[in-house]
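# Structural overview
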Amino acid sequence: MWLPFQDLGVDWNAMGFTVFDDELPGLPARLRAALDDPTSLQARFARTTQAAELFTPAGLTEYVLYVMTFYASTAPGRFEEVLSNACVSGLLGREAVIGK
């Protein structure tokens, strides 16, 4: 599963829980166990606090520019093509803008 900010070292499972559809039945037990462990909750909260700036408008803007720069560097001269195939937002952009 790809989630934003992983490439910057954000460990989503260290802050909370990520689950696939087939894991949903076990989620309540995992949540109960986490809530019963104050030390674990404090550690999760501390990790979340460290990453909080990423979830602001400025942090998101910086991340988008970082990702776009990465994709631009992987295929010089083919930025639009690479970006349009990179993610769902690229697909939407291709259909709405590039496809015109």
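So, a few notes on the structure that sits alongside this text. This one's a predicted model, so the numbers in the text were calculated from it and none came from an experiment.

Summing up its helical and strand segments, the chain has six helices and zero strands in all. Here the chain, with 100 residues, has 16% of them falling under the buried criterion. Sequence-distant contacts in the chain: of pairs separated by 6 or more residues, those separated by 24 or more amount to 37%. Carbon and sulfur atoms make up 64% of the accessible area of the chain, which amounts to about 7400 Å² in all.

Another aspect to go through is the nonpolar core. In this structure, Phe5, Val10, Met15, Ala51 and Tyr63 together form the largest nonpolar core, which totals five residues. Sequence-distant contacts of methionine 15, that is, excluding residues within four places in its chain, are made with Val10, Arg44, Arg47, Thr48 and Ala51.

Summed over all chains, the structure comprises four aromatic pairs. Ring geometry for phenylalanine 5 against phenylalanine 55: centres 5.1 Å apart, planes inclined by 70°, an arrangement best described as edge-to-face. A residue pair is termed long-range when its members are at least 10 positions apart, and phenylalanine 5 in the segment before helix H1 (12-15) and phenylalanine 55 in the loop between helix H3 (38-51) and helix H4 (57-74) qualify at 50 residues. Relative accessible area serves as the criterion here: at 44%, phenylalanine 55 is assigned to the partly exposed category. With centroids separated by 5.7 Å and ring planes inclined at 80°, the aromatic side chains of tryptophan 12 and phenylalanine 55 adopt a geometry described as edge-to-face. In this pair, tryptophan 12 is assigned in helix H1 and phenylalanine 55 in the loop between H3 and H4, connecting sequence segments 43 residues apart. Residue tryptophan 12 is classed as partly exposed on the basis of its relative accessible area of 22%. Taken together, Phe5, Trp12, Phe55, Tyr63 and Tyr66 form an aromatic cluster joined through their ring pairs. Arginine 44 extends its terminal NZ or CZ atom over the ring of phenylalanine 17, reaching a point 4.6 Å from the ring centre.

What counts, and where the lines are drawn
- Residues numbered from 1 in each chain as written.
- Predicted model: local features only at pLDDT ≥ 70, side-chain atom pairs only at ≥ 80, totals over all residues.
- Heavy atoms only, no water.
- Helix = DSSP H or I, 4+ residues; strand = E, 2+ residues; numbered from the N terminus.
- Buried < 20%, exposed > 50% of the residue type's maximum accessible area, 1.4 Å probe, protein only.
- Contact = heavy atoms within 4.5 Å.
- Areas by Shrake-Rupley, 256 points an atom, 1.4 Å probe, with all protein chains shown as cover.
- Core = buried A, V, L, I, M, F, W, Y, C linked by side-chain atoms within 4.5 Å.
- Phe/Tyr/Trp six-rings, centres within 6.5 Å; stacked < 30°, edge-to-face > 60°.
- Lys NZ or Arg CZ within 6 Å of the ring centre and 35° of its normal.

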